[in-house]
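Coordinate inspection notes
These are the residues of each chain, in order.
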Amino acid sequence: FIGGLFVMNLFVGFIIDGFNANKGSSDADIFYGRFGRQIKSYKPKYDRFKPPRNAYSGILRVLIQSNRFELFSGACVVVNLCFMLSDHANPQPWFEEMMFIQNSVFFGELCVEVMLNTIAFGFGGFLNDIWKAFDLFVCIGSSVSYITSSAIMGQFAKTFRILRVIRLMKMIKPIRVIMETLIICLPQLVNIIILLFLVYSMFAVVAVEQFGMVKNGIRIGPTANFFDWPFAMMTVFQIITGDEWQDMMADMLVVYPSCTTLFNDEYVYGWHESKGWPLYREKGYAFGDCGSEWAPMFFIPMFLVCTNIMLNLFIGMILDNFSFITDDVGGDDVADTQWSAGSSSEQIQALSEIFKRHDAGTGFISINCLHIMMCDMQLPLGFRDPKGQVTFGRPGNAAEAC
């Protein structure tokens, strides 16, 4: 109990300490690291396809991007989800009629929403926003199910309508920040998976070399063996998950006379008369089916390295990004104008929006526009105070003089 609860978790502490050491220990290092991740998370994003410029599209864009429309759309998703969750086997006729009516109503609402998005943002808007594309996909699937009266397509469309509840995460800021941060963490996750694959492959190759021909035992057999590299990788994965790895190690401890040290006439009577003898003699093969008394020296380090170090890299990455998430979400409540405790996500998003207003969609700012942009930015990067007035301090007066 003490070994499993305390000693083994020391590995987690070492991993987390390594993450903290890499990102810096001083307040300035922590603030700078968080500021860099905020810049990556909230940097200006540009649409590949421009929306229509007519007046009707502009009015609809204002309507669709308003909070009231988002609340209405989210409420429809929640009510539709509640109806679908109330579905059950052998329903009464009145319940089936009610379910058909509500499905038709919310399907119509979805079609109207897709149509409004098409008019407001054009067909390219579905390629700019993955959620709009998802709604279009659900709308098309539901339409096909209604046209063909296919039960399979109906269940398919119903499943994707349930997934629309994920859109509600955009309305809840802490959950939205967590989801966006998890998406940003995917490249780190890929790197860790590649590292795990390399380490597991290393142990699998050693296992094939040392224990590839060991005879079957209590656990070693058709479902777990080191006969070749694919089987060895699956067996290593089973060991890491704790699938009776002690029994596998015990099977590898088999020695003579419980096994055959070498297949020859000394250990196997009549071996030279067997059908396989000419092939083995021609190829120069010489092998037995014994294990080794040193098997624990392989299994125990593999279990420690792969389970308590490699897999804990995921924990370190999650905790490292979780600290960024909590700082980002919690920092908005105590954000100050001078950034004495670092910047908040709201402040970085405001800077991003101001930058987009002055870069003309190019991602670059002309030197002639720099002064105007700084007048729009709030302190400490710009000249505008929290009350909205432009004030110049001593550095600002020097810049104005220049």
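Please refer to the structure higher up on the page.
Quick look at the structure, then. (Residues numbered from 1 in each chain as written. Predicted model: local features only at pLDDT ≥ 70, side-chain atom pairs only at ≥ 80, totals over all residues. Heavy atoms only, no water.)

The next thing to look at is the state of the cysteines. Scanning all chains against the criterion turns up one disulfide. Between the sulfur of cysteine 259 and that of cysteine 290 lies a disulfide, 1.8 Å long from S to S. Taking the torsion about the sulfur-sulfur bond, which here is approximately 105°, the covalent link between cysteine 259 and cysteine 290 counts as right-handed. With cysteine 259 in the loop between α13 (245-251) and α14 (277-283) and cysteine 290 in the loop between α14 and α15 (296-310), this pair connects stretches of sequence that are 31 residues apart. Per residue, the accessibility class of cysteine 259 equals that of cysteine 290, and both read buried. (Disulfide = S-S within 2.5 Å. Helix = DSSP H or I, 4+ residues; strand = E, 2+ residues; numbered from the N terminus. Buried < 20%, exposed > 50% of the residue type's maximum accessible area, 1.4 Å probe, protein only.)

Turning to the packing of aromatic side chains, a few remarks are in order. All told, the structure shown has nine aromatic pairs when counted by the stated rule. Plain terms: the ring middles of phenylalanine 197 and tryptophan 229 are 6.1 Å apart, the flat faces sit at 80° to each other, and that makes the pair edge-to-face. Taken as a pair, phenylalanine 197 in helix α11 (residues 186-211) and tryptophan 229 in helix α12 (residues 229-240) lie far apart in primary sequence, 32 residues in all. On the accessibility criterion, tryptophan 229 (36% relative accessible area) is partly exposed. Aromatic side chains tryptophan 245 and phenylalanine 303 sit 4.6 Å apart centroid to centroid with 10° between the ring planes, which places their arrangement in the stacked category. Separated by 58 residues along the polypeptide, tryptophan 245 in helix α13 and phenylalanine 303 in helix α15 bring together distant segments of the chain. We classify tryptophan 245 as buried; its relative accessible area is 13%. Following the ring pairs from residue to residue traces out a cluster consisting of Phe203, Phe211, Phe226, Phe298 and Phe299. Here the basic side chain of lysine 132 rests over the ring of phenylalanine 121, its NZ or CZ set 4.5 Å away from the ring centre. (Phe/Tyr/Trp six-rings, centres within 6.5 Å; stacked < 30°, edge-to-face > 60°. Lys NZ or Arg CZ within 6 Å of the ring centre and 35° of its normal.)

What follows concerns unusual backbone geometry. Comment: phi is negative for the bulk of residues other than glycine, and the bulk of peptide bonds are trans. With an omega dihedral of 15°, the bond running from tyrosine 256 to proline 257 counts as a cis peptide bond. With respect to the secondary-structure elements, proline 257 resides in the loop between α13 and α14. Look at asparagine 90: it is not a glycine, yet its phi comes out positive at around 50°. Locating asparagine 90 in the fold gives a position in the loop between α5 (67-85) and α6 (93-121). Residue asparagine 90 is classed as exposed on the basis of its relative accessible area of 74%.

Turning to the pattern of salt bridges, a few remarks are in order. Pairs can form between side chains of opposite charge once their charged atoms are near each other. Scanning the model with the defined rule gives four salt bridges in all. Residue aspartate 129 pairs with lysine 132 through a salt bridge whose shortest N-O separation is 2.9 Å. Close ionic contact of arginine 219 with glutamate 244 constitutes a salt bridge, the shortest N to O distance being 3.0 Å. On the criterion of sequence distance, the pair formed by arginine 219 in the loop between α11 and α12 and glutamate 244 in the loop between α12 and α13 is long-range, its members being 25 residues apart. Linked through salt bridges whose partners overlap, the residues forming this network are Arg219, Asp243 and Glu244. (Salt bridge = Lys/Arg side-chain N within 4 Å of Asp/Glu carboxyl O.)

Right, let's talk about the side chain of aspartate 359 for a bit. Tracing the backbone shows aspartate 359 in the loop between α17 (345-358) and α18 (367-376). The side chain of aspartate 359 is buried and forms no salt bridge, while lysine 356, the nearest opposite charge, is found at 7.7 Å. In contact with aspartate 359, other than residues within four places in its own chain, are Tyr46, Phe364 and Ile365. (Lys, Arg positive; Asp, Glu negative; His and termini not counted. Contact = heavy atoms within 4.5 Å.)

This next bit is on the packing of α5 against α6. When two helices pack together, you describe them by how their axes are tilted relative to each other and by the distance separating the axes. Across the interface, α5 lies against α6 with an axial gap of 11 Å and an inter-helix angle of 150°. Taken together, the axes of α5 and α6 lie roughly antiparallel to each other. Both α5 and α6 take part in a crossing whose hand is left-handed. In this structure, α5 contributes Phe69, Phe72, Ser73, Cys76, Val79, Asn80, Phe83 and Met84 to the contact, and α6 contributes Met98, Met99, Gln102, Asn103, Phe106, Glu109, Glu113 and Leu116. Its residues assigned to classes, the contact of α5 with α6 comprises ten nonpolar, four polar and two charged. (Axes fitted to C-alpha atoms, helices over the stretch in contact; angles between N-to-C directions. Parallel < 35°, antiparallel > 145°, perpendicular 65-115°, else oblique. Left-handed = near helix turned anticlockwise from the far one by under 90°. Nonpolar A, V, L, I, M, F, W, Y, C, P; charged D, E, K, R; others polar.)

Turning our eyes to something else, we now look at the nonpolar core. Of all hydrophobic cores here, the largest spans 33 residues; its most connected members are Phe211, Phe226, Ile239, Met252, Phe299 and Met302. Those elements that place two or more of their residues in this core are α11, α12, α13, α15 and α16 (312-330). Each residue touching isoleucine 239, except ones within four places of it in the same chain, is listed here: Phe226, Trp245, Met248, Phe299, Met302 and Phe303. Residues Tyr42, Trp339, Ile348 and Leu351 belong to the second largest nonpolar core, which totals seven residues. (Core = buried A, V, L, I, M, F, W, Y, C linked by side-chain atoms within 4.5 Å.)

Interaxial distance between α12 and α15 falls to 9 Å at its minimum, and their mutual angle equals 75°. Looking at the two axes, α12 sits roughly perpendicular to α15. Judged by residue contacts, Val236, Ile239 and Ile240 of α12 engage Phe299, Met302, Phe303, Cys306 and Thr307 from α15. Partitioning the contact of α12 with α15 into residue classes produces seven nonpolar, one polar and no charged.

This part takes up a positive patch on the surface. Taken together, the side chains of Lys40, Lys43, Lys45, Lys50, Arg53 and Lys356 make up a positively charged region of the molecular surface. Inspection of the secondary structure puts lysine 356 in helix α17. (Patch = residues over 30% accessible without salt bridge, like charges linked within 9 Å, V, L, I, M, F, W, Y side chains within 5 Å. Areas by Shrake-Rupley, 256 points an atom, 1.4 Å probe, with all protein chains shown as cover. Charge placed at Lys NZ, Arg CZ, Asp CG, Glu CD.)

Before going further, it helps to examine the side chain of asparagine 80. Considering the arrangement of structural elements, one finds asparagine 80 in helix α5. Overall, the relative accessible area of 6% leaves asparagine 80 in the buried class. Aside from chain neighbours lying at most four places away, what touches asparagine 80 is Gln102, Asn103, Phe106 and Arg161.

All we've got here are geometric facts, nothing functional implied.
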